[in-house]
Amino acid sequence: MTETKLFLVTPEVEPEVSRPAASKVLSGDPVHTTWNLEERDGLYCGIWESTPGSWRISYDEWEYCRILEGVSVISEENGQTVTVRAGDSLVLRPGFKGTWEVIETTRKDYVIRL
């Protein structure tokens, strides 16, 4: 049987619902919904959504993402802050530490490389 090499990226898979660890939450009660579309050989991609709230983040991996809906504020420990909206793209590099604050429910597509 031949494995499909091309497929349309849509959230038709069963979503995973989670919350950040309570020790990381700074405000609100953010709920994350993730549609994992591909997971293999250290590569992950899919669609992620979060309701409003703020939490600490720390990255050991590379992530590219494109904001599809909503507004979020991402702040690095050094004080640099970026507001992202639908249509914006960003890269988070290994070693990034800071906070992610969802102002309006935010949906992004992402690619993570370990």
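Attention here is on the structure that accompanies the text.

Rules of the game
Residues numbered from 1 in each chain as written. Predicted model: local features only at pLDDT ≥ 70, side-chain atom pairs only at ≥ 80, totals over all residues. Heavy atoms only, no water. Helix = DSSP H or I, 4+ residues; strand = E, 2+ residues; numbered from the N terminus. Pairing = 2+ DSSP bridges. Core = buried A, V, L, I, M, F, W, Y, C linked by side-chain atoms within 4.5 Å. Buried < 20%, exposed > 50% of the residue type's maximum accessible area, 1.4 Å probe, protein only. Contact = heavy atoms within 4.5 Å. 1 Å grid on protein atoms, 1.4 Å probe; cavity = no way out; pocket = protein on both sides within 12 Å on 5 of 7 lines; lining within 4 Å. Points joined across faces, edges and corners; volume = space filled by probe spheres on them. Nonpolar A, V, L, I, M, F, W, Y, C, P; charged D, E, K, R; others polar.

### Observations regarding unusual backbone geometry
- Even without glycine at this site, Asp41 takes up a positive phi of about 50 degrees.
- Tracing the sequence through the fold places Asp41 in the loop between strand E3 (32-40) and strand E4 (43-50).

### Observations concerning the pairing of E3
- In this structure, strand E1 (residues 16-18) lies alongside E3, joined through 3 bridges in antiparallel fashion. If you follow Ser18 over to E3, its bridge partner there is His32.
- Hairpin connection between E3 and E4: a loop of 2 residues separates the two successive antiparallel strands, and Asp41 in this loop has a positive phi of roughly 50 degrees.

### Observations regarding the nonpolar core
- In this structure, Trp55, Ile57, Ile74, Leu90, Leu92, Phe96 and Trp100 are the most contacted members of the largest nonpolar core, which totals 15 residues.
- Put simply, the parts of the chain that give this core at least two residues each are strand E5 (53-58), strand E6 (62-76), strand E8 (89-92) and strand E9 (97-113).
- Element by element, the count of residues in this core is highest for E9, at 4 residues.
- Filtering out sequence-adjacent residues up to four positions away, Trp55 remains in contact with Pro20, Lys24, Val25, Leu26, Pro30, His32, Trp48, Ser50, Gly98, Thr99, Trp100 and Val102.

### Remarks on the side chain of Thr34
- Looking at the secondary structure, you find Thr34 in strand E3.
- For Thr34, a relative accessible area of 13% gives the class buried.

### Here's the deal with the layout of surface pockets
- Looking at the largest pocket, its volume works out to about 550 Å³.
- Lining the largest pocket are 22 residues, with His32, Thr34, Trp48, Tyr59 and Lys108 positioned closest to its centre.
- Those elements that place two or more of their residues in the lining of the largest pocket are E1, E3, E4, E5 and E9.
- In terms of residue class, the lining of the largest pocket is built from 10 nonpolar, 5 polar and 7 charged.
- What lines the second largest pocket is simply Ile74, Ser75, Glu76, Gln80, Val82, Val84, Ser89, Leu90, Val91, Leu92 and Phe96.
- For the lining of the second largest pocket, the elements supplying multiple residues, two or more each, are E6, strand E7 (81-85) and E8.
- No other element matches the 4 residues that E8 contributes to the lining of the second largest pocket.
- Along the lines of polarity and charge, the residues of the lining of the second largest pocket split into 7 nonpolar, 3 polar and 1 charged.

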